[in-house]
Protein chains: 4
Amino acid sequence: MSIEASVEFRVEFYDVDSMGVVWHGNYVKYMELGRCALLDKIGYGYNEMKASGYAFPVASVKLKYIKPLMFRQTAVIKAVLAEYENRIKIDYFIYDKESGELVTKGESIQMALNMKTMTTSFLCPDCFVKKVEALL
Amino acid sequence: MSIEASVEFRVEFYDVDSMGVVWHGNYVKYMELGRCALLDKIGYGYNEMKASGYAFPVASVKLKYIKPLMFRQTAVIKAVLAEYENRIKIDYFIYDKESGELVTKGESIQMALNMKTMTTSFLCPDCFVKKVEALL
Amino acid sequence: MSIEASVEFRVEFYDVDSMGVVWHGNYVKYMELGRCALLDKIGYGYNEMKASGYAFPVASVKLKYIKPLMFRQTAVIKAVLAEYENRIKIDYFIYDKESGELVTKGESIQMALNMKTMTTSFLCPDCFVKKVEALL
Amino acid sequence: MSIEASVEFRVEFYDVDSMGVVWHGNYVKYMELGRCALLDKIGYGYNEMKASGYAFPVASVKLKYIKPLMFRQTAVIKAVLAEYENRIKIDYFIYDKESGELVTKGESIQMALNMKTMTTSFLCPDCFVKKVEALL
């Protein structure tokens with residue numbers, strides 16, 4: 001079983017480049033929409049992270065563009081939790097809403113940063129792990 | 001006499017919209033380039049502001065678009081200090097670098113926010129006013 | 001009577017600056033959300049504009065910031081058609097969703113650009129004016 | 001031997017997030033600075049691409065964040081041509097300007113899109129390959 005969250009979004013004019021498609025760098029924003037929804041669902045959003053004494057800076061990002069998104073197209077980003085014990089790895093899938101066709105895939109990895117010691121931890125904080133395991 | 005600073009910039013692909021011109025919202029970024037250069041020249045950049053106990057949130061912005069900027073065009077933004085005693089008002093002029101033609105005009109107003117009391121001050125801090133007057 | 005449209009939006013992490021509030025330039029994006037909804041309601045969105053042989057580049061923008069928007073805050077932008085015969089003037093009002101408090105005001109002016117002759121027209125195209133007047 | 005180009009840039013306020021570091025999605029813009037400089041050096045920039053009948057949409061992007069970039073930090077992005085015969089693969093290295101320390105690594109892959117047939121070509125156009133080989 002997996003933990004996932006989906007967010008619908010529409011392509012806005014300011015995200016489209018001179019080729020008439022979403023500029024490839026803007027997909028990182030869509031990934032963030034999905035990631036926020038997923039972490040909210042787990043109950044470990046930005047505020048809970050902070051309260052737990054950790055931040056989770058993004059350590060790496062990958063994006064694979066299959067088909068372009070156009071102005072006014074409605075799409076859905078699905079974020080799936082892929083790893084949670086040592087780091088947070090999330091897989092992303094963007095679909096055209098109407099056809100259900102997969103248009104983009106992505107991945108992000110976040111490391112736990114202990115905000116007191118300002119050191120990277122190779123274990124995610126217990127409170128987060130427990131919340132995840134309660135959902136699995 | 002006036003205090004002013006100019007910054008040259010080139011239009012990047014990610015700032016251009018599907019009409020082939022800079023998306024109008026991106027000019028606020030160019031204004032920030034000019035404003036940073038002007039405040040640096042005065043010796044009252046972000047760090048000096050912070051050290052003086054003040055922040056200067058932007059209270060209003062105006063932009064008037066005369067001619068579009070295109071991908072790869074080189075332009076110059078000139079920021080001119082228009083008011084400094086009660087608030088910081090800056091006028092902006094964007095020129096095509098080659099022809100010198102004026103393509104955009106702008107204006108920003110910033111109010112002094114006392115970071116201790118978190119109240120807006122209707123007088124700019126002395127240290128800033130003195131730095132400005134030393135240049136006039 | 002007036003023609004207006006409202007869009008709800010939530011402040012995303014990527015729109016927030018190092019002061020913890022929405023970077024002032026990002027409000028131009030929120031204005032675009034409101035404008036698109038308003039023009040859609042009139043039945044004169046981007047595609048209808050194009051089909052009518054006109055583009056409507058933004059000629060000027062004004063923004064007045066009253067209170068900052070914070071990460072995760074939910075807000076509503078209301079776009080109100082203020083002029084439509086010689087140019088499109090839209091007034092914008094951003095409210096905190098929960099309290100209904102006004103946090104930002106804005107204004108944009110767009111001129112009709114005839115795409116065949118590439119000249120600015122000082123009259124909006126008939127098809128647009130009729131659509132507006134049918135709603136008034 | 002390799003073909004490479006470097007561009008210096010400074011971190012602007014609008015690129016910094018509420019953690020006080022460059023928001024991770026903004027590095028895709030820095031990659032574009034490097035890529036444009038590299039393709040210009042080869043003599044195959046956006047205009048030459050277009051004239052040759054091809055576009056080169058980005059098919060994938062990878063970013064690995066080693067250390068954060070802060071407001072006002074000056075950095076250098078180096079773009080290195082890694083593949084050019086079947087597709088354009090570019091490796092990116094971002095260094096702190098002062099210390100020379102590597103802070104971010106990236107990679108982009110672009111496929112040749114024939115603009116007449118709108119089909120992906122698995123060979124880069126001859127004119128591009130010749131320009132590259134003349135520099136090697």
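Notes on the structure in this doc start here. Since this is a predicted model, take the numbers as computed values, not measurements.

### Quick look at the overall build of chain A
Moving on, step 1. On a plain count of helices and strands, chain A comes out with three helices and eight strands.
Moving on, step 2. For 136 residues, the compact-globule formula gives about 14 Å, and the C-alpha radius of gyration of chain A, at 16 Å, lands near that figure.
Moving on, step 3. Referenced to the eigenvectors of the C-alpha coordinate spread, the extents of chain A come out at roughly 45 × 30 × 20 Å.
Moving on, step 4. When the 136 residues of chain A are sorted by exposure, 54% land in the buried category.
Moving on, step 5. Considering only contacts within chain A whose residues lie at least 6 apart along the sequence, 65% involve residues at least 24 apart.
Moving on, step 6. Per element, the accessible surface of chain A, about 6100 Å² overall, is 54% carbon and sulfur.
Moving on, step 7. Here chain A holds 17 positive side-chain charges and 17 negative ones, and the gap between their average locations is 2 Å.

### Here we look at the pattern of salt bridges
Moving on, step 1. Under the definition given, this model contains 36 salt bridges over all chains.
Moving on, step 2. With its nearest N and O atoms 2.3 Å apart, the salt bridge here joins A:Asp40 to C:Arg72. Note that A:Asp40 is positioned in helix α1 (residues 27–42) and C:Arg72 in the loop between β3 (58–65) and β4 (74–83), a pairing that runs across two chains.
Moving on, step 3. Overall, A:Asp40 belongs to the partly exposed group, its relative accessible area being 35%.
Moving on, step 4. Here B:Lys67 makes a salt bridge to B:Glu101, at a shortest N to O gap of 3.5 Å. Here B:Glu101 lies in the loop between β5 (88–96) and β6 (102–110) and B:Lys67 lies in the loop between β3 (58–65) and β4 (74–83), a separation of 34 residues in the sequence.
Moving on, step 5. Judged by its relative accessible area of 36%, B:Glu101 falls in the partly exposed class.
Moving on, step 6. Among the ionic contacts, a cluster of salt bridges with common partners joins A:Lys89, A:Asp91 and A:Glu107.

### Overview of the environment of A:Lys105
Residues and elements named next belong to chain A.
Moving on, step 1. Note on placement: Lys 105 falls in strand β6 (residues 102–110).
Moving on, step 2. Residue classification places Lys 105 among the partly exposed positions, given a relative accessible area of 34%.
Moving on, step 3. Sequence-wise, Lys 105 and Met 31 are 74 residues apart; in three dimensions their C-alpha atoms are separated by 9.6 Å.
Moving on, step 4. Apart from the residues lying within four places of it in its own chain, the contact partners of Lys 105 are Lys 62, Leu 63, Lys 64, Ile 66, Tyr 92 and Phe 93.

### So, the interface of chain C and chain A
Moving on, step 1. Each partner contributes to the interface: chain C provides 12 residues, whereas chain A provides 12 residues.
Moving on, step 2. Broken down residue by residue, the surface that chain C buries against chain A is led by C:Tyr14, C:Glu32 and C:Arg72, which jointly contribute 35%.
Moving on, step 3. Linking chain C to chain A there are two salt bridges.
Moving on, step 4. Our count for the chain C to chain A interface comes out at four residue pairs in polar contact (both at pLDDT 80 or more).
Moving on, step 5. The dominant element in the side of chain C that touches chain A, judged by the number of residues it contributes, is helix α1 (residues 27–42) of chain C, at five residues.

### Considerations on helix α3 (residues 126–135) of chain C
All names here are of chain C.
Moving on, step 1. Residues of α3 that are buried include every one of Phe 128, Val 129 and Val 132, and no others. Each buried residue of α3 sits inside an arc of 95° when the element is viewed along its axis, so together they form one side. Along α3, the residues that are exposed and aim more than 90 degrees away from the buried face are Asp 126, Lys 130 and Ala 134.
Moving on, step 2. Close packing links the buried residues of α3 with α1, β4 and β5 (88–96).

### Quick notes on helix α1 (residues 27–42) of chain D
Moving on, step 1. Compared with an ideal rise of 1.5 Å per residue, which puts 16 residues at 22 Å, α1(D) spans 23 Å between its outermost C-alpha atoms and is within 8% of the ideal.
Moving on, step 2. Counted residue by residue, α1(D) has 13 buried out of 16 residues, so it is predominantly covered.

### Observations concerning the relation of the copies chain A and chain D
Moving on, step 1. With an axial shift of 0.0 Å and an RMSD of 0.0 Å, the rotation relating chain A to chain D amounts to 180°. On this basis, the relationship between the two copies can be described by a two-fold rotation axis. The rotation axis passes nearest to the C-alpha of A:Lys62 in chain A, at a distance of 2.2 Å.
Moving on, step 2. Mapped onto chain D, 100% of the interface residues of chain A again fall at the interface, so both copies present the same surface.

### Focus on the pairing of β5(C)
For a regular strand, side chains alternate in direction, first toward one face of the sheet and then toward the other.
Residues and elements named next belong to chain C.
Moving on, step 1. Of the strand pairs in this sheet, β4 and β5 are connected by eight bridges, and their pairing is antiparallel. Counterpart to Val 76 in the pairing with β5 is Tyr 95.
Moving on, step 2. Hairpin connection of β4 to β5: four residues between the antiparallel strands.
Moving on, step 3. Two elements, β5 and strand β6 (residues 102–110), share eight bridges in a ladder whose sense is antiparallel. Note on β6: the bridge partner recorded for Phe 93 is Lys 105.

### Describing the environment of A:Tyr95
Residues and elements named next belong to chain A.
Moving on, step 1. The topology assignment puts Tyr 95 in strand β5 (residues 88–96).
Moving on, step 2. Residue classification places Tyr 95 among the partly exposed residues on the basis of a relative accessible area of 23%.
Moving on, step 3. Put simply, Tyr 95 and Leu 63 are 32 residues apart on the chain and 14 Å apart in space, counted from C-alpha to C-alpha.
Moving on, step 4. Beyond its immediate chain neighbours, meaning those up to four positions away, Tyr 95 contacts Ala 75, Val 76, Lys 78, Gly 100, Glu 101, Leu 102 and Val 103.

Rules used in this analysis
Residues numbered from 1 in each chain as written. Chains lettered and ligands numbered in written order. Predicted model: local features only at pLDDT ≥ 70, side-chain atom pairs only at ≥ 80, totals over all residues. Heavy atoms only, no water. Helix = DSSP H or I, 4+ residues; strand = E, 2+ residues; numbered from the N terminus. Rg over C-alpha atoms; globule rule 2.2 N^0.38 Å. Buried < 20%, exposed > 50% of the residue type's maximum accessible area, 1.4 Å probe, protein only. Contact = heavy atoms within 4.5 Å. Areas by Shrake-Rupley, 256 points an atom, 1.4 Å probe, with all protein chains shown as cover. Lys, Arg positive; Asp, Glu negative; His and termini not counted. Charge placed at Lys NZ, Arg CZ, Asp CG, Glu CD. Salt bridge = Lys/Arg side-chain N within 4 Å of Asp/Glu carboxyl O. Buried area = accessible area lost by both parts, 1.4 Å probe. Polar contact = N/O pair within 3.5 Å; in protein donor to acceptor, adjacent residues only side chain to side chain. Arc of directions from axis to C-beta. Expected span 1.5 Å × (residues − 1). Least-squares fit on C-alpha atoms with pLDDT ≥ 70 in both. Pairing = 2+ DSSP bridges.

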